[in-house]
Amino acid sequence: MRNLWIFISRYNAFFFFIIFFTVGVVLTVRNNSYQRSVTINSTNKVVGDVYNNLNVLKNTLTWVL
């Protein structure tokens, strides 16, 4: 527990940056329709590519077995 507290206190600026950056991105995406549509389209593309690659891998493993 002591080591965790030392780690957090040593890198507190980094953690604050991550928190504030995340809050800023969330506020931007939620309050701006263009950024919202870009974010949704980008995440849909990424998820679609992941599903496609998993499907190819699954079919390849099925074919090998």
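Residues numbered from 1 in each chain as written. Predicted model: local features only at pLDDT ≥ 70, side-chain atom pairs only at ≥ 80, totals over all residues. Heavy atoms only, no water.

Enquirer: I tried to follow the overall build of the protein chain on my own but got confused; where do I start?
Expert: Regarding its fold elements, the protein chain presents three helices and zero strands. When its helices and strands are written in sequence order, the protein chain yields α-α-α. Each principal axis of the C-alpha distribution contributes one length, and for the protein chain these read about 50 × 40 × 10 Å. Within the span of the protein chain, comprising 65 residues, buried residues form 2% of the whole. (Helix = DSSP H or I, 4+ residues; strand = E, 2+ residues; numbered from the N terminus. Buried < 20%, exposed > 50% of the residue type's maximum accessible area, 1.4 Å probe, protein only.)

Enquirer: Even after reading the chapter, I still don't get the packing of aromatic side chains, so can you show me in this structure?
Expert: Centre distance and the angle of the planes are the two values used to describe a pair of aromatic rings. Tallied over the full model, the rule gives five aromatic pairs. With 5.9 Å between their ring centres and 65 degrees between their planes, F7 and F15 make a pair best called edge-to-face. Members of the aromatic cluster, each reached through a chain of ring pairs, are F7, Y11, F14 and F15. (Phe/Tyr/Trp six-rings, centres within 6.5 Å; stacked < 30°, edge-to-face > 60°.)

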